[in-house]
Every structure is written in structure tokens, then in C-alpha cells.
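The chain contents come next:
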There are 2 protein chains.
Amino acid sequence: MTEVSIETVKEFFVDLQERIVGTFEELDSVGKFLEEAYDSPNGGFAQPRVLTNGDLFEKAAVQFSYSVGDRLPSAATERHPNLANCPFRATAISVIVHPRNPHVPTTHLNLRMFLVEAQEPTWFFGGGFDLTPYIPFEEDTRFWHEQARAVCGSDARYVEMKENCDQYFYLPHRGETRGVGGIFFDDFNADGFNDCFKFVKAVGETFLRAYTTIVKRRAHLKWTSEEEEWMLIRRGRYAEFNLAIDRGTKYGMQSGRRIESVLASLPPRVIWLYQHELLVSEKLANLTSKLQPGIDWLGIVDNSVDKS
Amino acid sequence: MTEVSIETVKEFFVDLQERIVGTFEELDSVGKFLEEAYDSPNGGFAQPRVLTNGDLFEKAAVQFSYSVGDRLPSAATERHPNLANCPFRATAISVIVHPRNPHVPTTHLNLRMFLVEAQEPTWFFGGGFDLTPYIPFEEDTRFWHEQARAVCGSDARYVEMKENCDQYFYLPHRGETRGVGGIFFDDFNADGFNDCFKFVKAVGETFLRAYTTIVKRRAHLKWTSEEEEWMLIRRGRYAEFNLAIDRGTKYGMQSGRRIESVLASLPPRVIWLYQHELLVSEKLANLTSKLQPGIDWLGIVDNSVDKS
């Protein structure tokens with residue numbers, strides 16, 4: 001058994017950030033990520049890396065943070081309310097990408113570790129990745145979920161984490177999921193530190209590989225102004241989710257953290273049209289039939305039913 | 001003493017809606033408001049009137065509603081929590097305007113009456129108006145507050161309602177008010193139905209007259225692309241307020257009301273730039289120094305201090 005080490009996780013996140021930034025700059029060829037670093041008086045530090053106005057990416061935010069706090073926010077853990085208000089250390093990486101080409105999906109990754117100095121020191125990981133297409137390719141969605149299934153290592157874990165994702169990224173006022181999903185986990189520590197960290201590392205690597213594959217497949221496709229308008233409308237849903245629903249954004253807005261970092265996830269350009277459904281073609285509007293929780297992209301549930 | 005009549009209030013709101021729509025179409029000369037009507041099975045009805053892509057107004061929503069419900073939502077009253085869950089009737093008019101010209105401010109009006117069938121039937125009014133300039137003219141802001149002071153009839157009422165407005169339309173994560181304010185009141189019934197309704201009518205009339213005056217002053221001014229970009233950035237603040245903070249929008253999103261009506265208030269085009277403060281000129285950025293609660297636009301507080 002190896003010792004629990006938030007330092008090791010931190011190092012991995014910093015390295016992963018560096019590699020994501022490098023890969024995205026290579027994919028974009030024009031856009032460059034700003035380099036910034038912010039130290040907190042208590043030993044925390046943040047490294048937001050944000051690219052704006054690239055050729056491929058209209059905005060991409062790849063942010064690393066390490067924080068030291070006196071009182072764990074209750075939003076940080078659902079299963080361990082007794083840990084709220086204990087001193088803690090946390091480290092996280094988050095990625096949000098808003099491409100210019102509506103054939104290239106938006107994506108999001110978040111990985112985080114909390115270490116809580118309670119009577120019995122406690123740690124847990126959280127995070128996941130999800131995909132938000134504008135013009136959906138079923139091939140990409142299945143590929144994305146195959147990668148998610150592979151990193152999970154078992155149908156059971158994939159099905160559970162995929163369901164978490166569908167539930168979390170849901171806009172009740174629209175009756176839609178934010179995108180076609182992926183995996184999402186929280187309070188994750190059941191398998192011991194080594195195995196959990198191994199999984200978290202694999203999630204980060206899988207994300208980068210899978211998203212890069214999809215970008216390379218679609219980045220060369222031309223788009224129409226109608227398709228671009230559709231993307232800008234759909235980005236409105238993204239802003240609605242982040243501002244009105246997302247726990248992380250809410251916590252960031254309420255906690256007085258650097259607001260530019262908290263809201264770096266918001267889309268660069270958005271439109272809200274009144275009754276847009278009258279204005280966009282059926283083909284594009286059909287996207288929303290795919291944005292429902294519980295779609296069995298890999299036929300896993302069906303299979304198990306057949307076999308039972 | 002006249003009888004309390006929600007029918008009379010409803011008629012006034014319908015008539016006011018008609019006049020606002022007529023005035024705005026005259027001001028715009030190109031844009032026309034859609035005519036729509038939605039009936040609820042329980043006797044409620046809604047008349048959203050929305051204009052999009054006008055010459056002067058990029059989007060304007062002037063909405064009337066009458067609703068009948070079994071259980072008053074707790075969000076409807078702060079001072080009378082005992083009335084929550086009682087059967088009620090309510091009627092409201094709301095106006096939100098997003099002009100195309102950054103010299104013309106965005107504005108918002110809301111007027112509403114609730115009639116609650118509790119053991120002792122209870123009624124109250126709520127509402128107010130506020131102004132959100134992009135390129136601020138101190139002359140307009142003072143004029144707006146003079147009109148607000150005039151309709152209030154006393155310094156005391158104006159100061160109280162102006163403070164309510166500053167407090168309600170505040171974005172803590174930005175350290176800014178949404179605009180330069182106005183007046184805001186809730187659970188308003190202390191003066192008896194006749195006087196309260198008279199005040200509410202005067203607020204509606206004052207709003208229409210004051211906003212029209214400001215539009216006519218500024219609509220002919222030319223603007224630069226930098227000024228337009230600034231307006232689109234500031235509209236992001238509007239979306240942040242409506243989606244993350246506004247109680248009415250939150251209630252509408254959670255209650256399953258027609259989402260197109262609830263979110264008709266969102267700006268038509270928005271941009272979120274990372275670190276926009278580095279990109280816009282000081283002159284424009286200086287707006288935010290005026291977006292603070294407690295600015296005494298009419299010198300009322302100073303005067304009363306001098307006299308004391």
C-alpha cells in the first residue's frame with residue numbers, strides 16, 4: 001500500500017495540463033494559451049491557461065488549481081456531510097473547449113482530489129468528462145462512449161458513471177441533457193488510493209486521446225451560417241446550465257474566487273432567439289432528440305436484458 | 001372604500017401592454033411585436049408580445065399574464081410565508097428591452113398583483129423599474145431617478161424603494177449593480193387597495209414616459225464597433241443576473257412555465273471575453289464605477305443630512 005499523496009496527484013494534473021495545452025495548440029496552429037499564475041497567501045496556487053480567438057478553438061480554458069482551506073465547502077462532498085468545515089487541501093484540473101466549427105463538439109473534463117484533515121484523514125476523487133455536439137455524428141458519440149466504457153474497465157462501473165453524468169448534466173427547464181454525456185463520479189475512494197488514482201489518470205489520458213480523435217475527424221468540414229447560428233443558440237443552453245444549474249460554477253460565484261477563472265467556461269459568443277425552433281431547420285433541431293438521459297449508446301443494457 | 005378587484009388591475013395591465021407595444025413599434029418603425037395568446041385549463045392566460053430584429057430594438061419582450069393557482073409559491077411573498085400554498089390569482093406585466101444602439105439603455109419594468117384566498121383574503125402588489133446603460137449619460141440617470149422620485153411622491157418612499165432596487169439588482173460575484181437602478185417594491189399593500197393601485201398605475205405610466213424620453217434623446221447617435229462590443233460584454237452581466245440570481249427567472253425555470261416566455265428576457269446576442277478589461281477602453285470600462293449600490297443620484301441623502 002502506497003501512502004496517500006496529494007502532491008503526486010498535483011504533479012500529474014500539472015503535467016496533464018501541460019500536455020493538453022500542447023496538444024490543443026498543435027491542433028489549432030494559430031491560437032496560443034495565455035500563461036498566468038496566481039498564488040494565494042495560504043499556499044494555494046492557480047494556473048489558468050486560456051486560449052481565445054484561435055482558428056479551431058474560439059475559446060479553450062485548461063485550468064489547474066491547488067487550494068488550501070480552513071473549512072471544506074459542503075458543496076465539495078455529498079456523501080460525507082460530516083467533513084464539511086474541516087481543514088482541507090484540494091487540487092483540480094478542468095477543461096472546457098468551445099470550437100469555432102459546429103461539426104466539432106464542445107467538451108468538458110474535470111478531475112479533482114480532496115484531502116480532508118478530519119479526525120481520520122479522508123480523501124476522495126471526483127470528476128468526469130462529457131461531450132456536447134452541435135451537429136451530432138453518431139459515430140463520434142459511440143466512439144466517445146466506447147472510450148468511456150474502456151476506461152471504466154467494467155460495464156457496471158460505466159453504466160453507473162454514465163447515469164451520474166446524464167443526471168448531473170440535465171437542464172430540467174429544457175427537458176434536455178447538456179450533451180450526449182460521458183462519465184461522472186464523485187466521492188470516489190472505495191478502491192484504495194492507488195487504484196483510484198490510476199483510474200483518475202486513465203480518465204485524463206482517455207479524455208485527451210478521445211477528444212483529439214474526434215477533432216481530427218471533423219475539423220476540416222465546412223459549415224454554413226445556419227449551422228453556425230444553431231451552434232450559437234445551443235451555446236445558450238451551455239450558459240444556462242453553467243449559470244443556473246452547475247454546482248461548481250455556483251460555488252465559485254458565491255465563494256469570491258477569481259471570477260474570470262470561474263466564468264472562463266462560458267461560451268465566447270451566444271445568441272438567445274425567441275422561438276428559435278421556428279427558425280432552424282429540422283435536421284439541426286433533431287439534435288435534441290439525442291439529448292435525453294438514459295440513451296444506451298453501446299447497447300449494454302439491451303444486451304444484458306437479452307442474456308437474462 | 002372600493003372593493004379589491006384583480007379584474008380592474010388585469011384590465012389596466014392589458015391596456016398598458018397595448019400602449020407600450022404601440023409606443024415601441026412607433027419608436028422602432030421597423031420591428032413588429034408577435035401576437036400570441038396562451039390559455040391555461042384552469043382559467044389563466046398569457047399574452048407574450050415579443051419583437052425581434054427591429055431597427056432600434058434588437059429584442060423587446062412585453063408580457064402580460066393572468067394566473068390561477070392552487071398553491072401560492074413561497075417565492076411570491078417574503079413577508080407573508082403563512083400564505084404560501086394557499087389558492088391564489090395573480091396578474092402581471094413585465095417589460096425587457098435590449099436596444100441595438102449602445103447609447104440607448106436596456107430597461108426593465110415589472111408590475112404584479114397577487115390575490116390570495118386565505119382565511120382572510122389578502123392582496124399585495126410588487127414590481128418596479130430599473131435602467132441598465134452601456135454608455136452612461138449622467139443626465140439620463142438623473143432624469144430617470146427624478147421621475148422615480150416624482151412617482152413615489154415622497155423622499156422617504158423613493159429612498160426606500162431605490163435602496164430595494166440597488167439591493168435586488170446586485171451581482172455579488174461582480175461587485176456591481178445590474179445598472180443604475182430605479183425603484184423596486186414588494187408585498188405592497190399598506191395604503192389600502194385604491195391608493196396602492198393608483199401608485200402602481202402611476203409607476204407604469206412613468207416608466208413608459210421616462211424610457212421613451214431617454215430613447216428619443218439617444219437613438220440618433222452613431223456608435224463604433226468597440227462600443228457595440230462593450231454592450232455585448234455588458235449583456236453578459238444581464239444574462240448572469242437573470243440566470244444565476246433573479247428570483248422570478250429561477251421560479252419560472254423551476255415551475256415548468258413556458259420556457260420561451262421565462263427566458264424572453266435574455267439578451268439576443270452576448271459575448272463573454274476572457275479578461276475583457278484588458279481589451280476595452282478606459283472610457284467604457286469606467287461605467288462600472290457608476291454601478292454601485294447607494295449612489296445618491298438626486299442629492300437627497302446629502303440634503304437631509306445638511307438639514308438635520
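Residues numbered from 1 in each chain as written. Chains lettered and ligands numbered in written order. Predicted model: local features only at pLDDT ≥ 70, side-chain atom pairs only at ≥ 80, totals over all residues. Heavy atoms only, no water.

(A) Representation of the pattern of salt bridges in the model. All names here are of chain A. For the structure on display, the rule yields 51 salt bridges over all chains. A salt bridge links D186 to R247; the nearest nitrogen and oxygen atoms lie 3.8 Å apart. Note that D186 is positioned in strand β9 (residues 181–188) and R247 in helix α6 (residues 247–254), a separation of 61 residues in sequence. By relative accessible area, D186 is classed as buried at 16%. When its relative accessible area of 32% is taken as the criterion, R247 is described as partly exposed. (Salt bridge = Lys/Arg side-chain N within 4 Å of Asp/Glu carboxyl O. Helix = DSSP H or I, 4+ residues; strand = E, 2+ residues; numbered from the N terminus. Buried < 20%, exposed > 50% of the residue type's maximum accessible area, 1.4 Å probe, protein only.)

(B) Seen up close, the interface of chain B and chain A. Contact residues are listed per partner, giving 31 residues for chain B and 31 residues for chain A. Counting each side, the surface lost to burial between chain B and chain A is near 2,600 Å², with a carbon and sulfur contribution of 61%. The largest per-residue losses of area from chain B upon contact with chain A belong to B:E260, B:W272 and B:Y274, which jointly make up 32% of the total buried on that side. The salt bridge partner of B:E260 is A:R174, with a shortest N-O separation of 3.9 Å. At the surface where chain B touches chain A, the tally comes to 13 residue pairs in polar contact (both at pLDDT 80 or more). (Contact = heavy atoms within 4.5 Å. Buried area = accessible area lost by both parts, 1.4 Å probe. Polar contact = N/O pair within 3.5 Å; in protein donor to acceptor, adjacent residues only side chain to side chain.)

(C) Spotlight on helix α3 (residues 155–168) of chain B. Under the 1.5 Å per step criterion, the end-to-end length of α3(B) is 20 Å for 14 residues, consistent within 8% with the ideal 20 Å. Where α3(B) is concerned, the buried positions are B:Y158, B:M161, B:K162, B:C165, B:D166 and B:Y168. (Expected span 1.5 Å × (residues − 1).)

(D) View of helix α6 (residues 247–254) of chain B. The complete set of buried residues in α6(B) reads B:T249, B:G252 and B:M253. Mapping the buried residues of α6(B) onto a view down its axis gives an arc of 100°, with all of them on the same face. Each element contacted by the buried residues of α6(B) is listed here: α5 (225–245) of chain A together with α5 (225–245) and α7 (259–262) of chain B. Looking one or two places after α6(B), you find B:G256, whose phi comes out positive at around 75°. (Arc of directions from axis to C-beta.)

(E) Structural view of the sheet that holds strand β6 (residues 122–132) of chain A. Residues and elements named next belong to chain A. Strand order across the open sheet formed by seven strands is β1-β2-β3-β4-β5-β6-β9, with antiparallel pairing between neighbours. Edge positions in the sheet fall to β1 (38–39) and β9, since each has one partner strand and no second. Judged from the two bridges that link them, β1 and strand β2 (residues 45–52) form a sheet pairing that is antiparallel. Bridged to D39 within β2 is F45. The sheet strands contacting helix α3 (residues 155–168) are β6 and β9, and the helix crosses β9 at an angle near 100°. (Pairing = 2+ DSSP bridges. Axes fitted to C-alpha atoms, helices over the stretch in contact; angles between N-to-C directions.)

(F) A look at the sheet that holds strand β5 (residues 106–116) of chain B. Residue and element names in this part refer to chain B. Taken in spatial order, the seven strands of this open sheet run β1-β2-β3-β4-β5-β6-β9, and their pairing is antiparallel. Two strands bound the open sheet, and with one partner strand each, they are β1 (38–39) and β9 (181–188). Taken together, the eight bridges between strand β2 (residues 45–52) and strand β3 (residues 57–69) define a ladder with antiparallel strand orientation. Within β3, the residue paired with T52 across the bridge is K59. Across the sheet, α3 touches β6 (122–132) and β9, and the angle it forms with β9 is around 100°. The strands that helix α4 (residues 193–218) touches are β3, β4 (88–99), β5, β6 and β9; relative to β6, the one it contacts most, it runs at about 15°.

(G) Layout of the side chain of B:R112. Residues and elements named next belong to chain B. When you line up the elements, R112 lands in strand β5. Take R112: its relative accessible area is 17%, and that puts it in the buried class. For R112, the side chain forms a polar contact with the side chain of N110, separated by 2.5 Å. Residues within four places of R112 in sequence aside, it is in contact with F13, T91, A92, F124, F125, G126, G127, F184, F185 and D186.

(H) Up close: the packing of helix α2 (residues 138–152) of chain A against α3(A). Residue and element names in this part refer to chain A. α3 packs onto α2 with a crossing angle of 125° between their chain directions and a minimal axis gap of 8 Å. In terms of orientation, α2 lies oblique with respect to α3. When you trace α2 past α3, the crossing you get is right-handed. Every residue of α3 that contacts α2 at H145, A148, R149 and C152 is listed here: D155, R157, Y158, M161 and K162. Its residues placed into classes, the contact of α2 with α3 shows four nonpolar, one polar and four charged. (Parallel < 35°, antiparallel > 145°, perpendicular 65-115°, else oblique. Left-handed = near helix turned anticlockwise from the far one by under 90°. Nonpolar A, V, L, I, M, F, W, Y, C, P; charged D, E, K, R; others polar.)

(I) Representation of the packing of aromatic side chains. Applying the stated criterion to the full structure yields 50 aromatic pairs over all chains. Arranged with centres 4.9 Å apart and planes meeting at 90°, the rings of B:Y168 and B:F169 form a pair that is edge-to-face. Exposure class is identical for B:Y168 and B:F169. Each is buried. One aromatic cluster is present, formed by A:F12, A:F13, A:W123, A:F125, A:F193 and A:F197 through successive ring pairs. The ring of B:Y66 has B:K10 sitting right over it, with the charged end atom 4.1 Å from the ring centre. (Phe/Tyr/Trp six-rings, centres within 6.5 Å; stacked < 30°, edge-to-face > 60°. Lys NZ or Arg CZ within 6 Å of the ring centre and 35° of its normal.)

(J) The environment of B:K10, seen in detail. Residue and element names in this part refer to chain B. Structurally, K10 can be placed in helix α1 (residues 6–28). The spacing of K10 and Y66 is 56 residues in sequence and 7.4 Å in space, taken between C-alpha atoms. Look past the residues within four positions of K10 in its chain and what remains in contact with it is F45, F64, Y66 and T91. A distance of 3.3 Å separates a polar atom in the side chain of K10 from a polar atom in the side chain of E7.

(K) Layout of the relation of the copies chain B and chain A. Overlaying chain B with chain A gives an RMSD of 0.0 Å, the required rotation being 180° about an axis along which the chain moves by 0.0 Å. What the rotation and shift describe, once combined, is the action of a two-fold rotation axis. When you check the interface residues of chain B against chain A, 100% turn up at the interface there too, and the contact is symmetric in its surfaces. (Least-squares fit on C-alpha atoms with pLDDT ≥ 70 in both.)

(L) Structural context of the packing of helix α1 (residues 6–28) of chain A against helix α4 (residues 193–218) of chain A. All names here are of chain A. Interaxial distance between α1 and α4 falls to 11 Å at its minimum, and their mutual angle equals 5°. When the axes of α1 and α4 are compared, the pair comes out roughly parallel. Residues T8, V9, F12, F13, L16, R19, I20, T23, F24 and L27 of α1 touch α4, and the partners they reach there are F193, F197, V200, K201, G204, E205, F207, L208, Y211, T212, V215 and K216. In the contact of α1 with α4, the residues fall into 14 nonpolar, four polar and four charged.

(M) Spotlight on the confidence of the model for chain A. Residues and elements named next belong to chain A. On average, residues of chain A carry a pLDDT of 92, and 97% of them reach 70 or more. Below a pLDDT of 50 lies the segment residues 303–308, which in the model reaches zero contacts outside its immediate sequence neighbourhood of four places, other chains included. On the interface metric, ipTM, the complex scores 0.92, and its pTM is 0.93. (pLDDT = per-residue confidence, 0-100.)

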